[in-house]
Amino acid sequence: DVQSVETTEGFSAWPVPFTDVLNIEYDFEFTADATIEIYDFKGQFLRAYEADGVTKGDVTTIQVDFALRSNQVYIVNVTANGNRYSKTVISGKGK
């Protein structure tokens, strides 16, 4: 079961497309508290999650608890140690 991982500097997110769970794996060379923010494609803020003391290789699993639309683009921002990283992810079909 191979899943694609979308990766850019700062973090990667999988599975893409996602439905009920989204994993965030950190790829920065420091340890810090992180804030994960989810926005819809129009920039509407949906939800924030906190992760304490994370570093490269750590994974935060988010249980998606906001209203999710199928086949939509979402923006994930991760802020840690004064750095902000951003990427887009796509939702899959609902159950």
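See the structure above.
This structure is a prediction, so every number in the text was calculated from the model and none was measured.

A. Just the pattern of salt bridges, in detail. Going through the model one piece at a time under the given rule, you end up with 4 salt bridges. Put simply, Glu 37 and Arg 84 hold a salt bridge, and the shortest N to O gap is 3.9 Å. Linking Glu 37 in strand 4 (residues 32-40) with Arg 84 in strand 8 (residues 83-90), this pair joins segments that are 47 residues apart in sequence. A relative accessible area of 17% means that Glu 37 is categorised as buried. A relative accessible area of 54% places Arg 84 in the exposed class.

B. Seen up close, the layout of surface pockets. A volume near 190 Å³ is recorded for the largest pocket. Around the largest pocket sit Asp 40, Phe 41, Lys 42, Leu 46, Ala 67, Arg 69, Gln 72, Val 73 and Tyr 74, which together line it.

C. Layout of the sheet that holds strand 4. Here we have 4 strands laid out as an open sheet, ordered 5-4-7-8, and antiparallel in their pairing. Among the strands making up the open sheet, the edge pair consists of strand 5 (45-54) and strand 8. Going across the sheet, the axis of each strand differs from the next one's by a mean of 20°, ignoring polarity. Relative to strand 5, strand 4 runs antiparallel, the two being bridged by 7 bridges. Pairing of Glu 37 across the sheet is with Ala 48, part of strand 5.

About the cut-offs
- Residues numbered from 1 in each chain as written.
- Predicted model: local features only at pLDDT ≥ 70, side-chain atom pairs only at ≥ 80, totals over all residues.
- Heavy atoms only, no water.
- Salt bridge = Lys/Arg side-chain N within 4 Å of Asp/Glu carboxyl O.
- Helix = DSSP H or I, 4+ residues; strand = E, 2+ residues; numbered from the N terminus.
- Buried < 20%, exposed > 50% of the residue type's maximum accessible area, 1.4 Å probe, protein only.
- 1 Å grid on protein atoms, 1.4 Å probe; cavity = no way out; pocket = protein on both sides within 12 Å on 5 of 7 lines; lining within 4 Å.
- Points joined across faces, edges and corners; volume = space filled by probe spheres on them.
- Pairing = 2+ DSSP bridges.
- Axes fitted to C-alpha atoms, helices over the stretch in contact; angles between N-to-C directions.

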